[in-house]
Amino acid sequence: RGRSNPGDQRIRLISSAPPTKPASSASIVPPSYLFRTTMGLKEVFDEAAEKVKGAPNATDEDKKFLYGNFKQANIGDCNTDKPGGLFNFTEKGKWDGWNAQKGKSKDDAMKAYIAKVDELCGTEFSKKV
């Protein structure tokens with residue numbers, strides 16, 4: 001009974017060690033110039049899409065351009081028939097905006113979308129890519 005289990009002693013020795021002082025964050029984080037500061041195109045595109053929601057100064061033409069490039073970037077070429085209906089202006093406008101981007105690569109559509117958001121919102125998303 002007077003003898004302790006060697007495993008208990010090891011645990012006791014480890015747990016009785018004095019606490020170490022945590023390193024300061026300055027010594028852990030390397031200087032920012034060691035990292036590339038640009039984001040990926042898709043991340044910038046998603047951020048720009050969030051920023052432009054409800055842009056007050058966007059004209060109907062701007063909205064068609066943004067819609068068309070958003071769909072082109074996410075889906076590719078327009079794959080639906082033109083909507084019918086005499087007074088279906090909104091859906092026809094969206095379709096025209098998307099169909100106008102036919103043949104544009106997804107990356108080019110994202111870049112065009114980001115440039116338009118920069119123009120409308122005064123942002124500089126293009127510099128992040």
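Please refer to the structure placed before this passage.
Residues numbered from 1 in each chain as written. Predicted model: local features only at pLDDT ≥ 70, side-chain atom pairs only at ≥ 80, totals over all residues. Heavy atoms only, no water.

Some thoughts on the nonpolar core
Move 1: Among the nonpolar cores identified, the biggest contains 17 residues, and Val-52, Tyr-113, Ile-114 and Val-117 are the most heavily contacted of them.
Move 2: Elements that contribute at least two residues to this core include exactly helix 3 (41–52), helix 4 (60–74) and helix 6 (106–121).
Move 3: Contacts of Val-117, omitting those with residues within four sequence positions, involve Ala-48, Val-52, Leu-66, Gly-122, Thr-123 and Phe-125. (Core = buried A, V, L, I, M, F, W, Y, C linked by side-chain atoms within 4.5 Å. Buried < 20%, exposed > 50% of the residue type's maximum accessible area, 1.4 Å probe, protein only. Helix = DSSP H or I, 4+ residues; strand = E, 2+ residues; numbered from the N terminus. Contact = heavy atoms within 4.5 Å.)

Digging into the environment of Lys-71
Move 1: When you line up the elements, Lys-71 lands in helix 4.
Move 2: Excluding anything up to four places from it in sequence, Lys-71 contacts Gly-76 and Trp-98.

A closer look at the packing of helix 4 against helix 6
Each pair of packed helices gets described by two things: the angle between the helix axes and the distance between those axes.
Move 1: Running from N to C, helix 4 and helix 6 point in directions that differ by 150°, and their axes come no closer than 8 Å. Judged by the inter-axis angle, helix 4 sits roughly antiparallel to helix 6. Helix-helix and strand crossings are classified by hand; for helix 4 and helix 6 the assignment is left-handed. Here Asp-62, Phe-65, Leu-66, Asn-69, Phe-70, Gln-72, Ala-73 and Asn-74 of helix 4 come into contact with helix 6, specifically with Lys-106, Ala-109, Met-110, Ala-112, Tyr-113, Lys-116, Val-117 and Leu-120.
Move 2: Per-class residue counts for the contact of helix 4 with helix 6 are 10 nonpolar, 3 polar and 3 charged. (Axes fitted to C-alpha atoms, helices over the stretch in contact; angles between N-to-C directions. Parallel < 35°, antiparallel > 145°, perpendicular 65-115°, else oblique. Left-handed = near helix turned anticlockwise from the far one by under 90°. Nonpolar A, V, L, I, M, F, W, Y, C, P; charged D, E, K, R; others polar.)

Considering the packing of helix 4 against helix 5 (residues 89–99)
Move 1: Packing of helix 4 against helix 5 leaves a shortest axis separation of 7 Å and a crossing angle of 60°. Compared by their axis directions, helix 4 and helix 5 come out oblique. As helix 4 runs across helix 5, the sense of the crossing is right-handed. In this structure, helix 4 uses Lys-64, Tyr-67, Gly-68, Lys-71 and Gln-72 to contact helix 5, whose residues at the interface are Gly-93, Lys-94, Asp-96, Gly-97 and Trp-98.
Move 2: In the contact of helix 4 with helix 5, the residues fall into 2 nonpolar, 4 polar and 4 charged.

With respect to the packing of aromatic side chains
Move 1: Under the counting rule described, the total for this entry stands at 4 aromatic pairs.
Move 2: An aromatic cluster of three or more residues is present, and its members are Phe-45, Phe-70 and Tyr-113.
Move 3: When the ring centre of Phe-65 is taken as reference, the NZ or CZ atom of Lys-116 above it lies at 5.4 Å. (Phe/Tyr/Trp six-rings, centres within 6.5 Å; stacked < 30°, edge-to-face > 60°. Lys NZ or Arg CZ within 6 Å of the ring centre and 35° of its normal.)

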